[in-house]
Amino acid sequence: QVQLAESGGGLVQAGGSLRLACAASGLTFSSAAMGWFRQAPGKEREFVAAISWGGGSTYYADSVKGRFTISRDNAKNTVYLQLNSLKPEDTAVYYCAASKRTYTIRYYSETTAYGSWGQGTQVTVSS
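Since we're looking at a predicted model, the values are computed, not measured. (Residues numbered from 1 in each chain as written. Predicted model: local features only at pLDDT ≥ 70, side-chain atom pairs only at ≥ 80, totals over all residues. Heavy atoms only, no water.)

A. Fine view of the overall build of the protein chain. The number of helices and strands found in the protein chain is 0 helices and 11 strands. The helix and strand sequence of the protein chain, counted from the amino end, reads β-β-β-β-β-β-β-β-β-β-β. The globule rule puts the C-alpha radius of gyration for 127 residues at 14 Å, and the 13 Å found for the protein chain is close to it. Viewed in the frame of its principal axes, the protein chain has a C-alpha envelope of about 40 × 25 × 25 Å. Here the protein chain holds 127 residues, and the buried ones make up 43% of them. (Helix = DSSP H or I, 4+ residues; strand = E, 2+ residues; numbered from the N terminus. Rg over C-alpha atoms; globule rule 2.2 N^0.38 Å. Buried < 20%, exposed > 50% of the residue type's maximum accessible area, 1.4 Å probe, protein only.)

Structural data, given as C-alpha cells:
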C-alpha cells in the first residue's frame, strides 16, 4: 500500500520561505514521478510542480515558476518543495502525489496522472 506523508507546512509572513517534504513508502520511489498540488478553501485542487522519476525533468505552474523548486532524494524516498517569496495567495493545503506511469512531464500537471495522494499539509501566508 502506497503511503505519502507530507510535512513542513506552517504559518509564514509574506516574502518568507518554507520547505515541504513528502516521505513515500510502499512503492519503488525511484521509478515514480512525483507532483505537488494545492487546494485553497472554495477552490479546486491545482497543480504546482512535478518531477520525473530521476529528477532530470521538472515542470511548474506559471504562478509559482521562479519562486518554488521541486527536488527529490531517491535514497530517502522523499520529494521536496521549496517555497520562496511566499504570497498570501499561496495559502492552501499542499498535497503530494505519486505516479507509477510514464508520461511527458507536462501531463503530470493533471490529477489523473497520479494514483496515490497524501493527506496534505497546511501552508498559511499572512500579509
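Read on, since the account is not over.
B. Inspection of the environment of A5 at higher detail. Among the secondary structure elements, A5 is positioned in strand β1 (residues 3-7). For A5, a relative accessible area of 44% puts it in the partly exposed group. When the C-alpha atoms of A5 and A21 are compared, they prove to be 8.0 Å apart, with 16 residues separating the residues in sequence. In contact with A5, not counting residues within four places along its chain, are A21, C22 and A23. (Contact = heavy atoms within 4.5 Å.)

C. Representation of the pairing of strand β7 (residues 68-73) within the structure. Because side chains alternate across β7, one face comprises the buried residues F68, I70 and R72, and the other comprises T69, S71 and D73, none of which is buried. Counting the residues in the hairpin turn of β7 and strand β8 (residues 78-83) gives 4 residues, including N77, whose phi is positive at 55°. (Pairing = 2+ DSSP bridges.)

D. Structural view of unusual backbone geometry. For N77, which is not glycine, the phi torsion reads 55° and is therefore positive. Mapped onto the secondary structure, N77 falls in the loop between β7 and β8. With phi around 50°, S85 is a residue other than glycine that occupies positive phi space. Relative to the elements of secondary structure, S85 occurs in the loop between β8 and β9 (92-99).

E. Geometry of the sheet that holds β1. Here 4 strands make up an open sheet; going across it, the order is β1-β3-β8-β7 and the pairing antiparallel. At either margin of the open sheet sits one strand with a lone partner, and together these are β1 and β7. Sheet twist, expressed as the mean angle between neighbouring strand axes with direction ignored, is 15°. Here strand β3 (residues 18-25) runs beside β8; their pairing, made up of 6 bridges, is antiparallel. Counted as the bridge partner of L18 is L83 from β8. (Axes fitted to C-alpha atoms, helices over the stretch in contact; angles between N-to-C directions.)

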